[in-house]
Amino acid sequence: MENMLQYLYLNYLALPAGEVWVSDDLSGVVALVPPNAGDSVPPAIWNEITQTHGTHAERVHSVELPTCPDPSAWSLATLG
């Protein structure tokens, strides 16, 4: 599940619209995305992301994040 989520976030959010940083030894990666990066992601991919979350999807979607004071701030898409 985790690898599939990272694949989806990397391929459909971070690579086309954001930045991906990889450690020198290739053991870690971080993906950062600008605001509204998800606007261009097809609904089918969002559905796949939701399905990949499985039984945790409801909890993921119910999390209330604090309002970001800077609307132009980038977000962490995935870390692995």
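Residues numbered from 1 in each chain as written. Predicted model: local features only at pLDDT ≥ 70, side-chain atom pairs only at ≥ 80, totals over all residues. Heavy atoms only, no water.

Novice: Before we go on, may I ask you to explain the overall build of the protein in this structure?
Specialist: A count of helices and strands for the protein gives three helices and three strands. Scanning the protein from its N terminus toward the C terminus, one meets helices and strands in the order α-β-β-α-α-β. Expressed as a percentage of contacts within the protein between residues at least 6 apart in sequence, the contacts between residues at least 24 apart total 64%. Total accessible area on the protein stands at roughly 5800 Å², and carbon and sulfur atoms take up 57% of it. (Helix = DSSP H or I, 4+ residues; strand = E, 2+ residues; numbered from the N terminus. Contact = heavy atoms within 4.5 Å. Areas by Shrake-Rupley, 256 points an atom, 1.4 Å probe, with all protein chains shown as cover.)

Novice: Honestly, the layout of surface pockets in this entry has me stumped. Any pointers?
Specialist: Summary: where empty space remains is shown by rolling a probe the size of a single water molecule over the atoms. Estimates place the volume of the largest pocket at around 870 Å³. Taken together, 29 residues line the largest pocket, and the ones lying closest to its centre are Tyr9, Leu65, Ser75, Leu76 and Ala77. Put simply, the parts of the chain that give the lining of the largest pocket at least two residues each are helix H1 (2-17), helix H2 (43-53), helix H3 (57-62) and strand S3 (75-79). When grouped by side-chain class, the residues that make up the lining of the largest pocket number 18 nonpolar, eight polar and three charged. (1 Å grid on protein atoms, 1.4 Å probe; cavity = no way out; pocket = protein on both sides within 12 Å on 5 of 7 lines; lining within 4 Å. Points joined across faces, edges and corners; volume = space filled by probe spheres on them. Nonpolar A, V, L, I, M, F, W, Y, C, P; charged D, E, K, R; others polar.)

Novice: For this particular structure, what's the right way to read the confidence of the model for the protein?
Specialist: A low pLDDT score tells you not to read the predicted coordinates there in detail. Per-chain confidence: the protein averages 87 in pLDDT, with 98% of residues scoring 70 or above. Considering each helix and strand of the protein separately, the mean pLDDT is smallest for H3, with a value of 78, and largest for strand S1 (residues 19-22), with 93. (pLDDT = per-residue confidence, 0-100.)

Novice: Help me out: how do you make sense of the pairing of S1 in this one?
Specialist: The two faces of a sheet get side chains in turn, since along a regular strand they alternate between them. Here four bridges tie S1 to strand S2 (residues 29-33), and the two strands are oriented antiparallel to one another. Directly across from Val20, in S2, lies its bridge partner Ala31. (Pairing = 2+ DSSP bridges.)

Novice: Where do I start with a nonpolar patch on the surface in this structure?
Specialist: Together, Met4, Tyr7 and Tyr12 give the surface a local cluster of nonpolar side chains, amounting to about 280 Å² of exposed area. Summarising the element assignment, Met4 is placed in helix H1. Assessed through its relative accessible area of 36%, Met4 is described here as partly exposed. (Patch = residues over 30% accessible without salt bridge, like charges linked within 9 Å, V, L, I, M, F, W, Y side chains within 5 Å. Salt bridge = Lys/Arg side-chain N within 4 Å of Asp/Glu carboxyl O. Buried < 20%, exposed > 50% of the residue type's maximum accessible area, 1.4 Å probe, protein only.)

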